[in-house]
Amino acid sequence: MKSPVHLNALRAFEASARHQSFSAAAAELNVTPAAVGQLVRTLEEWLGMPLFHRATSGPVRLLPTETAGRALPDIRAGFDRLVLGLERLKEGSASGVLTVTVSPAFAAKWLLPRLDSFQVAWPDTDVRLDTSLKPVDFVAQGIDIGVRYGVGSWPGLMADKLMDEEVYPVCSPKLLREHRRLQKPNDLARETLIHDLSMDDHTGFPTWEAWLRKAGVTGVASTRGMKINNSAAVLQAAVEGQGVALARSVMAHDDLATGRLVRLFPEITFASPLAYYAVYRAECSSLPKLVAFRDWLLKEAA
């Protein structure tokens, strides 16, 4: 059997059987109806038997014969396996699309400002970002690699630590100049506290209450103030001078470096029990494009 010729004929046969029409099959395969008919006839001649009952009128012009009908499930399964095999071949290349899942805030405050250096180093890899606060199904949603914030354990995924984190109060330089009373932690009692609600469901996520307790501060209403469920928006509110935010060091790094924010009370340190991890499925750990992106993340995080 001449495989290339008969693979095309099998495609034509399968599509014709599914659509019950040479014309509809031709539209799907982007060829002419005459070409589809000729491919089917070639297959019939090679087999020495008809594959369809043909009608010259009526809504259904083609009906697979009983023998053809029995063969169709195996032929369709074969095409499905071929498609899967081609995907496996594509996975072995560093080119193509790399799907990365991260939180919207991590994308905005850390990943996107740095991503250009990866694209320069790996121009044949197209990064597709999937931004979500909720855990995603890597298999069902075609995710290659992600960055997650937590204690380092997620079912079904390998995790490489990227960065530890600490939390500390920040505000805009303008607010600090205008509120000269921000000299010691107790002065926070007169300020609007900005709360990050994005990880409220995560045990161990640092809060204002925990930071104030670590700082030995009393008399501050730790649950009052502005509440926002996005870490990037929390920092933006602080940049705009709307209050004092409890910042996550990884998220706030660039804003501090550019002077958009100022860290308050640097003598007080509070390490977060959570950290950032690169996560991926074990069976995909050796894929070139995934390895390239994981190594780049580790380098950038260092």
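It should be emphasised that the depicted structure is a prediction, and the values quoted were computed from it without experimental measurement.

(A) Looking closely at the packing of aromatic side chains. Scanning all chains against the criterion turns up 12 aromatic pairs. Ring centres of Phe 106 and Trp 110 lie 5.2 Å apart, and the angle between their planes is 25 degrees; this geometry places the pair in the stacked category. Within this pair, Phe 106 and its partner Trp 110 are both found in helix H5 (residues 104-111), separated by four residues, close to a single helical turn. On the basis of relative accessible area, Trp 110 is assigned to the buried category, the value being 3%. Taken together, the ring pairs in this structure connect Phe 106, Trp 110, Tyr 149, Phe 205 and Tyr 276 into an aromatic cluster. Across from the ring centre of Tyr 149, 4.1 Å away, lies the NZ or CZ of Arg 248, which sits over that ring.

(B) Structural view of the sheet that holds strand S10 (residues 244-248). What the five strands build is an open sheet, ordered S9-S8-S10-S7-S11; its pairing is mixed. The open sheet has two edge strands with one neighbour each: strand S9 (226-228) and strand S11 (262-263). In the sheet, strand S7 (residues 167-171) pairs with S11 via two bridges, with the strands oriented antiparallel. Note on S11: the bridge partner recorded for Val 170 is Arg 263. Set on the sheet, helix H9 (residues 231-239) makes contact with S7, strand S8 (193-196), S9 and S10; between it and S8 the angle comes to about 170 degrees. Here helix H10 (residues 249-257) sits on the sheet in contact with S7, S10 and S11, set at roughly 115 degrees to S10.

(C) Representation of empty space enclosed by the protein. Tallying each qualifying case throughout the model produces one cavity of 30 Å³ or more. Around the largest cavity, the lining residues are Asp 196, Ser 231, Val 234, Leu 235, Leu 246, Ala 247, Arg 248 and Met 251. Here the residues of the lining of the largest cavity are counted per class, giving five nonpolar, one polar and two charged.

Rules used in this analysis
- Residues numbered from 1 in each chain as written.
- Predicted model: local features only at pLDDT ≥ 70, side-chain atom pairs only at ≥ 80, totals over all residues.
- Heavy atoms only, no water.
- Phe/Tyr/Trp six-rings, centres within 6.5 Å; stacked < 30°, edge-to-face > 60°.
- Helix = DSSP H or I, 4+ residues; strand = E, 2+ residues; numbered from the N terminus.
- Buried < 20%, exposed > 50% of the residue type's maximum accessible area, 1.4 Å probe, protein only.
- Lys NZ or Arg CZ within 6 Å of the ring centre and 35° of its normal.
- Pairing = 2+ DSSP bridges.
- Contact = heavy atoms within 4.5 Å.
- Axes fitted to C-alpha atoms, helices over the stretch in contact; angles between N-to-C directions.
- 1 Å grid on protein atoms, 1.4 Å probe; cavity = no way out; pocket = protein on both sides within 12 Å on 5 of 7 lines; lining within 4 Å.
- Points joined across faces, edges and corners; volume = space filled by probe spheres on them.
- Nonpolar A, V, L, I, M, F, W, Y, C, P; charged D, E, K, R; others polar.

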